[in-house]
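Report on the structure
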Amino acid sequence: MNYLLQVDFKMDGPFGEEMSTGFADLAKSINNESGVIWKIWTEDPAAKEAGGIYLFETKEDAEKYLAMHSDRLTSFGITDIRGKILEVNEALSLINNAPIK
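Residues numbered from 1 in each chain as written. Predicted model: local features only at pLDDT ≥ 70, side-chain atom pairs only at ≥ 80, totals over all residues. Heavy atoms only, no water.

Regarding its fold elements, the protein presents 4 helices and 4 strands. Ordered by position in the sequence, the α and β elements of the protein form the string β-α-α-β-β-α-β-α. Expected size for 101 residues packed as a compact globule is a radius of gyration near 13 Å; at 14 Å, the protein falls within 12% of this value. Seen through its C-alpha atoms, the protein measures out along the principal axes to roughly 40 × 25 × 25 Å. Looking at the protein as a whole, 30% of its 101 residues qualify as buried. (Helix = DSSP H or I, 4+ residues; strand = E, 2+ residues; numbered from the N terminus. Rg over C-alpha atoms; globule rule 2.2 N^0.38 Å. Buried < 20%, exposed > 50% of the residue type's maximum accessible area, 1.4 Å probe, protein only.)

Written out as structure tokens, the structure reads:
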């Protein structure tokens, strides 16, 4: 079973192209984290929010990543980090073309 991790937090920026350029190395490093299948980066410049939606192989990998990522964000001065781990219902998700296989 796969697990979805939702993370979001307040951030003053950067967003858009500047975010893509500035966080490219971080994005590449996420591929090396244990159990990561994929990540979708999210941003809302008007609300000054950023985050991501991740798919992990195991709940334990998602929990470890959330703890590490929360510590990293806190070290950057980011607070009010919201993280939620959910089981993926694969059968229903595949009906709706979810990229989980």
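Sheet architecture is open: 4 strands sit in the order S2-S3-S1-S4, paired in antiparallel fashion. The strands lining the two open edges of the sheet, one partner per strand, are strand S2 (36–44) and strand S4 (82–87). Between one strand and the next, the sheet's axes are offset by a mean angle of 15°, whatever the strand orientation. Note that strand S1 (residues 3–10) and S4 share 6 bridges and pair antiparallel. Opposite Gln6, over in S4, you have Lys84 as the bridge partner. The strands touched by helix H3 (residues 59–75) are S1, strand S3 (49–56) and S4; relative to S1, the strand with the most contacts, the crossing angle is about 15°. (Pairing = 2+ DSSP bridges. Axes fitted to C-alpha atoms, helices over the stretch in contact; angles between N-to-C directions. Contact = heavy atoms within 4.5 Å.)

With that settled, consider the packing of aromatic side chains. Overall, the coordinates contain 4 aromatic pairs when judged by the stated rule. Between the aromatic rings of Tyr54 and Tyr65, the centroid separation amounts to 5.0 Å while the plane-to-plane angle is 55°, which identifies the pairing as tilted. Here Tyr65 lies in helix H3 and Tyr54 lies in strand S3, a separation of 11 residues in the sequence. For the pair Tyr54 and Tyr65, a shared accessibility class is recorded, and that class is buried. In this structure an aromatic cluster arises from ring pairing among Tyr54, Phe56 and Tyr65. Across from the ring centre of Trp41, 3.3 Å away, lies the NZ or CZ of Lys39, which sits over that ring. (Phe/Tyr/Trp six-rings, centres within 6.5 Å; stacked < 30°, edge-to-face > 60°. Lys NZ or Arg CZ within 6 Å of the ring centre and 35° of its normal.)

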